[in-house]
Amino acid sequence: MLAVQDRWRRTIERPPAVEEYVHVVVVGCGRVGSELAGTLEKSGHTVAVIDKNPNAFRRLPPGSAGQRVVGFGFDRDNLVEAGIERAGAVAAVTNGDNSNILVARIARETFGIGRVVARIYDPRRAVIYQRLGIPTVATVAWTTDQVLRRLLPGEQPHDWIDPSAKVSLVERALPANWGGKKLAGLDEPGRFLLAAVTRLGAAQVVGPKLVGQEGDMLHFIVDVNAMDALRERLERGPE
């Protein structure tokens, strides 16, 4: 559950400039919504939470100063009461896919909010709405993927895949034959690129002169149709 909450926090927040504190409207005060609201407040943002059940606000962290609005996130008056007209971001995290998408569309199309995220349980719907320009988090698909990683770690080809299933992020251990070699030679533009390396627990962006060391973990951006080509490139070694 903590991993899901962390995913929501990273989805809504951007690495802020010192002055980039925004007002965020969170629709839904369940476990995710309440944790998200508390985390945003700790980061210096102002928060308003909307939920149809007044008892749901008991989940908010003790001492939470966020505004609480009893109502529906797709009701214009409730959104205005929550301060959406001055909001910089909206998160729709109720238990209903339809409600979350409706809230996201209203926030985007009626109030012009640029940063909007909708929680979606049905991964097929998530793909559709992503293509319509509504960022979504498909919790069922994400949870299934994470469980499979722990059950069958050797059978999961990617660490993340975009909703259109075209681009993935993968992590691979540095093969012995790449030790002491420049890692820039692993790139095949248009198919896969080595973006970062984790070495002794610290990650770094790959530069043209970075040389592989034993124990390195490689982080690639890969076209999903080039997964076999990446595996072959790693196994083949430097040319």
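The notes below deal with the structure included here. (Residues numbered from 1 in each chain as written. Predicted model: local features only at pLDDT ≥ 70, side-chain atom pairs only at ≥ 80, totals over all residues. Heavy atoms only, no water.)

1. A closer look at the sheet that holds strand E9 (residues 192–199)
Consideration 1: Taken together, five strands build an open sheet; the order of strands is E7-E8-E11-E9-E10 and the sheet is antiparallel. Two strands bound the open sheet, and with one partner strand each, they are strand E7 (160–161) and strand E10 (202–205).
Consideration 2: Pairing between strand E8 (residues 167–173) and strand E11 (residues 217–223): seven bridges, direction antiparallel. For Glu171, the partnering residue across the bridge sits in E11 and is His219.
Consideration 3: Its contacts with the sheet place helix H7 (residues 227–236) against E8, E9 and E11, and it is angled at close to 145° to E11. (Pairing = 2+ DSSP bridges. Helix = DSSP H or I, 4+ residues; strand = E, 2+ residues; numbered from the N terminus. Contact = heavy atoms within 4.5 Å. Axes fitted to C-alpha atoms, helices over the stretch in contact; angles between N-to-C directions.)

2. Observations concerning the nonpolar core
Within soluble globular proteins, side chains that are nonpolar tend to cluster in buried spots.
Consideration 1: Grouped together as the largest cluster of nonpolar side chains are 25 residues, with contacts concentrated most on Val25, Ile50, Leu79, Ile84, Val90 and Ile113.
Consideration 2: Those elements that provide at least two residues to this core are strand E1 (23–27), strand E2 (46–51), strand E4 (89–92), helix H4 (97–110), strand E5 (115–120) and helix H5 (123–131).
Consideration 3: The element contributing the most residues to this core is H4, with five residues.
Consideration 4: Filtering out sequence-adjacent residues up to four positions away, Ile50 remains in contact with Val25, Val26, Val27, Gly28, Cys29, Val69, Gly71, Phe72, Gly73, Asn78, Leu79 and Ala82.
Consideration 5: If you look at the next biggest cluster of nonpolar residues, it comprises 18 residues, including Leu174, Leu183, Ala226 and Leu230. (Core = buried A, V, L, I, M, F, W, Y, C linked by side-chain atoms within 4.5 Å. Buried < 20%, exposed > 50% of the residue type's maximum accessible area, 1.4 Å probe, protein only.)

3. Topic: the side chain of Asn100
Consideration 1: Within the secondary structure layout, Asn100 lies in helix H4.
Consideration 2: Separated by 2.8 Å, the side chain of Asn100 and the backbone oxygen of Arg119 make a polar contact. (Polar contact = N/O pair within 3.5 Å; in protein donor to acceptor, adjacent residues only side chain to side chain.)

4. Here we look at the packing of aromatic side chains
Consideration 1: Applying the stated rule across the entire model yields two aromatic pairs.
Consideration 2: On the numbers, 6.5 Å between centres and 85° between planes, the contact of Phe192 with Phe220 is edge-to-face. Remark: Phe220 occurs in strand E11 and Phe192 occurs in strand E9; sequence separation between them is 28 residues.
Consideration 3: Using a relative accessible area of 1% as the deciding quantity, one classes Phe192 as buried. (Phe/Tyr/Trp six-rings, centres within 6.5 Å; stacked < 30°, edge-to-face > 60°.)

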